[in-house]
Amino acid sequence: MSENTTDNATLGQENVPAMPLAINLQYTKDLSFEVPAGASIFATLRSAPQISVNIDVQANRLEEDQAVYEVALAVRAEAAEPPAQEGGQAGRTVFITELTYAAVVTLNNPPQELIEPILLVEVPRLIFPYVRSIVSDVTRDGGFPPVVLQPIDFVALWQAKRAQQFPEPAGEA
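Chains are numbered independently. Their residues run from 1 in the order of the written sequence. pLDDT decides what is reported in this predicted model: residues at 70 or higher carry local features, side-chain atom pairs at 80 or more are listed and counted, and totals for whole chains, interfaces and linings draw on all residues regardless. To obtain the side-chain values, all non-hydrogen atoms of the structure were included, while hydrogens and water were left out.

The name an unreviewed UniProt entry assigns to the protein is Protein-export protein SecB, from the organism Gluconobacter sphaericus NBRC 12467. UniProt positions are given in the numbering used here, feature names are shortened, and annotations may be inferred rather than shown by experiment. As its UniProt record puts it under Sequence similarities (unreviewed entry), the protein is described as follows: "Belongs to the SecB family." Under the UniProt heading Subunit (unreviewed entry), the note attached to the protein is "Homotetramer, a dimer of dimers. One homotetramer interacts with 1 SecA dimer."

Right, here's the structure in full:
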C-alpha cells in the first residue's frame, strides 16, 4: 500500500498568499418583523404585494490598536398592497422586515488600499447567503410567501456609497 500524503507543493500552491481576512464570528444583530394591519391584511390582500428592498453596509473598527472590525449588512424589506388602479398610490403596508446581520473580522496586514473593499465588498458577499436565508425564513414564517433576495452587486453598492461621500469635483473635460 502506498501512503497518501499531500502538501501545498504537490497541489501547486507553494506561492499562494495567506488570506488577508479571517471571519471570527457572525451573528444576528437586530431582527424585526411586523404586520402593521394585523390579521385583516390576510383577509383583504387580493394579489401579490409590491416589495421594496433597501440595503446598507457599515464597517467599524472595534479596537483602535487592532485590525478587528464589525461589518454589518442591514436589509429592510417592505411589502405594500398593489395600487387599486394602474399608476395609483400603493395601498396599506402588508409587512416590514428589518435585519442587521454582522460579522466580526480580523484583517491580516492587507495593503491599505484593499481594506475598504475587503470590508465593504468581500465580507458582505460572504455573509449575504445567511442574510438571504433569514429574510426568506422570517417572511415565510410570518405567513407570507418568502422574500428571496436577488444577488447584490456589492462593488456597485460600495462605489455608489463612495460617490456620495466623495463627489467628483466639477471640472473641465
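Student: Quick question: what am I supposed to make of the pattern of salt bridges here?
Tutor: Between side chains of opposite charge, a pair can form as their charged atoms come close. The term salt bridge refers to a pairing of a side-chain nitrogen on Lys or Arg with a carboxyl oxygen on Asp or Glu at a separation within 4 Å. Within the structure shown, the criterion is met by 9 salt bridges. The salt bridge partner of Arg-92 is Glu-81, with a shortest N-O separation of 3.4 Å. Linking Arg-92 in the loop between strand E3 (68-80) and strand E4 (93-107) with Glu-81 in the loop between E3 and E4, this pair joins segments that are 11 residues apart in sequence. Working definition: with a 1.4 Å probe on protein chains only, accessible area under 20% of the residue-type maximum means buried, over 50% means exposed, and in between means partly exposed. In this structure Arg-92 comes out as partly exposed when scored by relative accessible area, which is 33%. Given the relative accessible area of 15%, Glu-81 is considered buried. We note a salt bridge from Arg-125 to Glu-122, for which the minimum N-O separation is 3.2 Å. On the criterion of helical spacing, the pair formed by Arg-125 and Glu-122 is a turn pair, its members being 3 residues apart in helix H2 (residues 112-141). Under the scheme used here, helices are H or I runs from DSSP no shorter than 4 residues and strands are E runs no shorter than 2 residues, and both carry numbers assigned from the N terminus.

Student: When you look at the packing of aromatic side chains in this model, what are you seeing that I'm missing?
Tutor: For any pair of aromatic rings, the description rests on two quantities: the centre-to-centre distance and the angle between the ring planes. The criterion for an aromatic pair is that two Phe, Tyr or Trp rings (for Trp, the six-membered ring) have centres within 6.5 Å, with stacked assigned to planes under 30 degrees apart, edge-to-face to planes over 60 apart and tilted to the rest. As enumerated under the stated definition, the model contains 6 aromatic pairs in all. Judged by centre distance (5.0 Å) and plane angle (40 degrees), the ring pair of Phe-95 and Phe-144 falls under tilted. In this pair, Phe-95 sits in strand E4 while Phe-144 sits in the loop between H2 and helix H3 (154-165), placing the two residues 49 residues apart along the sequence. Residue Phe-95 shares its accessibility class with Phe-144, and that shared class is buried. On the numbers, 6.0 Å between centres and 70 degrees between planes, the contact of Phe-128 with Phe-154 is edge-to-face. Linking Phe-128 in helix H2 with Phe-154 in helix H3, this pair joins segments that are 26 residues apart in sequence. Phe-154 carries the same exposure label as Phe-128, and that label is buried. Among the aromatic side chains, those forming a connected cluster through ring pairs are Phe-33, Phe-42, Phe-95 and Phe-144.

Student: When you look at H2 in this model, what are you seeing that I'm missing?
Tutor: The periodicity of an α-helix, 3.6 residues per turn, causes residues three or four places apart in sequence to face the same way. Under the convention used throughout, the expected extent of a helix is 1.5 Å for every residue step, that is, one less than its residue count. If you check H2, its first and last C-alpha atoms are 43 Å apart, about what 30 residues at 1.5 Å a residue would give, namely 44 Å. One axis fitted to the seven residues ending at a residue, another fitted to the seven starting there: the angle between these axes is the bend at that residue. The sharpest bend along H2 comes to roughly 45 degrees, located at Ile-118. Count one or two residues on from H2 and you reach Gly-143, which has phi positive near 100 degrees.

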